[in-house]
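Spelled out, the chains give:
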Amino acid sequence: MFLHYLELAWRNTRAAKGLSALMVLALGLGIGACMTTLTVYHVLSGDPIPHKSARLFNVQLDAGDMVGWQAGQEPTFDLTRFDATALLRDRKAPRQVMSSGFNTAVGLPEASTKPVFSSVRMTSADFFAMFDAPWQFGGGWNAADDEAEARVAVISSALNEKLFGGADSLGREVIVRGQPLRIIGVLKPWKVQPHFWDLTLGSYTETEDFYLPFSTAMALKMGHWGNMDCWGKGANGGSSLDLNASCSWIQYWVELDKPEDAAAYRDYLVAYSEAQRKAGRFERPTNVRLRPVMDWLGAQKVLPADVRLQTWLAFGFLAVCVVNMVGLLLAKTLRRSGEIGVRRALGATRGDIFRQFLVEAGLLGMAGALLGLVLAQGGLWLVRQSPNDYAKLAELDASMLALTLGLALLASLIAGLLPAWRAALVTPAVQLKVQ
């Protein structure tokens, strides 16, 4: 019976080409605008590491002085090197990572090879296991390498391609700031968005190309890029990267066995903060933060407010398009009252008429979905041309494609309910008398 309804729907659609085209256009415009903004929202608000985000926590301690302090305010954004080193040494979490970023040239011992300017992350040994880095060759370093300031490095597949043509480069040496480092691991292509472990370099920046032990980077006096907050005497005549400098610039993350362990770790942070305050390092009242990934992204407002507003406006526009489609379907239904009366007189029930008109609305909805997909792809292309750091992520994936088709079908069926119900109420005797 469905095929019969579909055949009737196709005939009626072709019989009123202009009206049908208007309905498809109205729905397509609404779906296109809605899916463009919804795709951007989906990309920006997604969980970057969904299978374990509830067990990964960002750590904040308030190590600043009393200048400008206000009760209840956020702690300093990052940790000082002293505090990050102390927490790492205490090892109160199964995995913990201190890290920071900078950029530098990475070259080969052969002078004929041009160095490649790369994004760099100096970090501790648990980084790769904590954030599920995928390996192409080799692996990361261990805690002993951190202690020994080992001259080792891990590179991305992209950097491996540039320097070694994609070959297995384990054991090869690279030159960074004039110092040789031995490659012990090469990552597979790895995209994590947002770049949640370090938002100071941009919320949607690419994952780094070069990784080395934090202790090694400090021993080689490598630099730092990103956020830095200093207070009091600051570097006190030395470098702001020194162990005892009053500067926060290090991102610190811990992985716990289960989310419920967060309370115990928070108690440890409170006790540590109290001890530092008694020792005279911390001046402000104890103020710690321990946030899982999604709470951390929310607190830092990674999702731009204008994207959320645009999404609501697009849904409003879709609602207007659906209302317009309802009006056009009603007009089309009223024009076919005679046809409906004849069908009723020949034995068609009200349910048959209702289903026929609902199938017709669904057919128009699928046509609107196809047009909406084309318009959405065009809208996303325009988004990718914008200068925003998240623009390059605006791609329609499989889940959003399915949502587009489903949303268009649902919108068309909702729009078709009133006209179908109105068609089912047509009285055959009256229409036959008019005929």
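## Considering the overall build of the protein chain
Moving on, step 1. Scanning the protein chain for helices and strands turns up 14 helices and 12 strands.
Moving on, step 2. Across the protein chain, the fraction of contacts at a sequence separation of at least 24, relative to all contacts at a separation of at least 6, is 76%.
Moving on, step 3. Accessible area of the protein chain: about 20,100 Å², with a carbon and sulfur share of 59%.

## What to know about the packing of helix α3 (residues 81-90) against helix α8 (residues 262-278)
If you want to describe how two helices pack, look at the angle between their axes and the distance between the axes.
Moving on, step 1. The interhelical angle for the contact between α3 and α8, taken along N-to-C directions, is 130°, at an axis separation of 12 Å. What the angle tells us is that α3 and α8 run oblique. The two elements α3 and α8 meet at a crossing, and its hand is right-handed. Between α3, through Phe82, Asp83, Ala86, Leu87 and Asp90, and α8, the contact on the second element is made entirely by Tyr268, Leu269, Tyr272 and Gln276.
Moving on, step 2. Looking at the contact of α3 with α8 residue by residue, the class counts come to 6 nonpolar, 1 polar and 2 charged.

## Concerning a nonpolar patch on the surface
Moving on, step 1. On the surface, a cluster of nonpolar side chains totalling about 320 Å² of accessible area is made up of Leu25, Leu29, Phe317 and Leu375.
Moving on, step 2. Following the sequence through the fold, Leu375 ends up in helix α12 (residues 350-384).

## So, helix α6 (residues 157-164)
The α-helix advances 3.6 residues per turn, and as a result positions three or four apart in sequence lie on the same side.
Moving on, step 1. Among all positions in α6, only Ser157, Leu159, Asn160, Leu163 and Phe164 are buried. For α6, the arc enclosing every buried residue in end-on projection is 155°, short of the 170-degree limit, so these residues lie on one face.
Moving on, step 2. Downstream of α6 by one or two residues, Gly165 has phi in the positive range, about 65°.

## Brief notes about the pairing of strand β9 (residues 210-213)
Moving on, step 1. In terms of strand pairing, strand β4 (residues 116-123) meets β9 through 4 bridges, oriented parallel. For Met122, the partnering residue across the bridge sits in β9 and is Leu212.
Moving on, step 2. In this structure, strand β6 (residues 152-155) lies alongside β9, joined through 2 bridges in antiparallel fashion. Looking at β9, one finds that Val154 is bridged to Tyr211.

## What to know about the side chain of Ser100
Moving on, step 1. Examined against the element boundaries, Ser100 turns out to sit in strand β3 (residues 95-107).
Moving on, step 2. For Ser100, a relative accessible area of 0% corresponds to the buried category.
Moving on, step 3. Here His224 takes part through its side chain, which lies 2.9 Å from a polar atom of the side chain of Ser100.
Moving on, step 4. A polar side-chain atom of Ser100 sits 3.3 Å from the main-chain carbonyl oxygen of Trp249.
Moving on, step 5. Residues contacting Ser100, with those up to four places away along its chain left out, are Val120, Arg121, Met122, Phe214, His224, Trp249 and Gln251.

## Regarding the pairing of strand β1 (residues 56-61)
Moving on, step 1. Of all the 6 residues making up β1, 6 are buried; the element is thus mostly covered by neighbouring parts of the structure.
Moving on, step 2. Judged by which residues are buried, β1 turns out to be covered on both faces: Leu56, Asn58 and Gln60 on one side and Phe57, Val59 and Leu61 on the other are all buried.
Moving on, step 3. Inspection of the sheet shows β1 paired to strand β11 (residues 247-255) by 3 bridges, in the antiparallel sense. Each bridged residue has a counterpart across the sheet, and for Phe57 the counterpart in β11 is Val254.
Moving on, step 4. Examined bridge by bridge, β1 and strand β12 (residues 288-292) share 5 bridges and lie antiparallel to one another. Looking at the pairing, Val59 lines up with Leu290 of β12.

## Overview of the state of the cysteines
Moving on, step 1. This model, assessed by the stated rule, comprises 1 disulfide.
Moving on, step 2. Each sulfur of the disulfide joining Cys230 and Cys247 lies 2.0 Å from the other. With the S-S dihedral at roughly 110°, the linkage between Cys230 and Cys247 falls on the right-handed side. With a gap of 17 residues between them, Cys230 in strand β10 (residues 229-230) and Cys247 in strand β11 connect regions that are remote in the sequence.
Moving on, step 3. A relative accessible area of 37% means that Cys230 is categorised as partly exposed.
Moving on, step 4. The structure places no disulfide on Cys321, whose sulfur is separated from the nearest cysteine sulfur, that of Cys34, by 9.7 Å.

## Side note on the confidence of the model for the protein chain
Moving on, step 1. Considering every residue of the protein chain, the mean pLDDT works out to 84; 89% of them sit at 70 or more.
Moving on, step 2. Taken as a whole, residues 429-434 scores under 50 in pLDDT and shows 6 contacts with residues more than four places along the chain or in a different chain.

## Points about the nonpolar core
Moving on, step 1. Formed by 60 residues in total, the largest nonpolar core has its most connected members in Phe131, Trp190, Phe196 and Trp253.
Moving on, step 2. For this core, the secondary-structure elements that each account for two or more residues are α2 (17-45), α4 (127-130), β6, β8 (179-187), α9 (293-299), α10 (305-335), α12 and α13 (398-424).
Moving on, step 3. The greatest single-element share of this core, amounting to 11 residues, is contributed by α2.
Moving on, step 4. Ignoring any residue separated from it by four or fewer positions in sequence, one finds Trp253 in contact with Leu56, Phe57, Asn58, Arg95, Gln96, Val97, Met130, Phe131, Phe196, Trp197, Val293 and Trp296.
Moving on, step 5. By size, the runner-up hydrophobic cluster in this structure holds 51 residues, among which are Leu88, Met98, Trp249 and Ile250.

## A look at the packing of aromatic side chains
Moving on, step 1. Evaluation of the coordinates by the stated rule reveals 20 aromatic pairs.
Moving on, step 2. Clustering of aromatic rings is evident, with ring pairs tying together Phe77, Phe127, Phe128, Phe131, Trp135, Trp141, Trp190, Phe196, Trp197, Tyr211, Trp253 and Trp296.

## A few points about the packing of α2 against α12
Moving on, step 1. For the pair α2 and α12, the least separation of the axes is 6 Å and the interaxial angle reads 40°. Classified by the interaxial angle, the pair formed by α2 and α12 is oblique. When you trace α2 past α12, the crossing you get is right-handed.
Moving on, step 2. A per-class count over the contact of α2 with α12 returns 15 nonpolar, 9 polar and no charged.

The rules behind these values
Note that residues are indexed from 1 along each chain, following the sequence as it is written. In view of the model being predicted, local features appear only for residues whose pLDDT reaches at least 70, and side-chain atom pairs are presented and counted only at 80 or more, with totals across whole chains, interfaces and linings using the full set of residues. To obtain the side-chain values, all non-hydrogen atoms of the structure were included, while hydrogens and water were left out. Put simply, DSSP H or I for four residues or longer makes a helix, DSSP E for two residues or longer makes a strand, and each gets a number counted from the N terminus. Contacts: residue pairs with any heavy atoms within 4.5 Å of one another. Note that accessible areas follow from Shrake-Rupley with a 1.4 Å probe, and for residues the cover is restricted to the protein chains shown. Each axis is a line fitted through C-alpha atoms, taken for helices only over the stretch in contact, and angles between the N-to-C directions span 0 to 180 degrees. Between 65 and 115 degrees an angle is taken as roughly perpendicular, under 35 as roughly parallel, over 145 as roughly antiparallel, and anywhere else as oblique. Handedness of a crossing is defined here by the sense of rotation of the near helix relative to the far one, left-handed for an anticlockwise turn of less than a right angle and right-handed for a clockwise turn. Note that Gly is not counted as nonpolar here; it falls among the polar residues with everything else outside the nonpolar set of Ala, Val, Leu, Ile, Met, Phe, Trp, Tyr, Cys and Pro and the charged set of Asp, Glu, Lys and Arg. Like charges within 9 Å and nonpolar side chains (Val, Leu, Ile, Met, Phe, Trp, Tyr) within 5 Å are joined into patches, using only residues over 30% in relative accessible area that form no salt bridge. A pairing counts as a salt bridge when a side-chain nitrogen of Lys or Arg comes within 4 Å of a carboxyl oxygen of Asp or Glu. Exposure classes here rest on a 1.4 Å probe applied to the protein chains alone. A residue is buried below 20% of its type maximum, exposed above 50%, and partly exposed in between. By arc we mean the arc of the directions from the helix axis to the C-beta atoms, nothing more. Two strands qualify as a pair provided DSSP detects at least 2 bridges between them. Counting of polar contacts relies on pairs of N or O atoms within 3.5 Å, with two restrictions inside protein: one atom must be capable of donating a hydrogen and the other of accepting it, and residues adjacent in sequence are counted only when both atoms are side-chain atoms. The definition used for a disulfide is geometric: two cysteine sulfur atoms within 2.5 Å. pLDDT is defined as a per-residue confidence score from the predictor, taking values between 0 and 100. Throughout this description, the term nonpolar core refers to a set of buried Ala, Val, Leu, Ile, Met, Phe, Trp, Tyr and Cys residues connected via side-chain atoms within 4.5 Å. Pairing of aromatic side chains here covers Phe, Tyr and the six-membered ring of Trp, requires ring centres within 6.5 Å, and sorts the geometry by plane angle: under 30 degrees stacked, over 60 edge-to-face, intermediate tilted.

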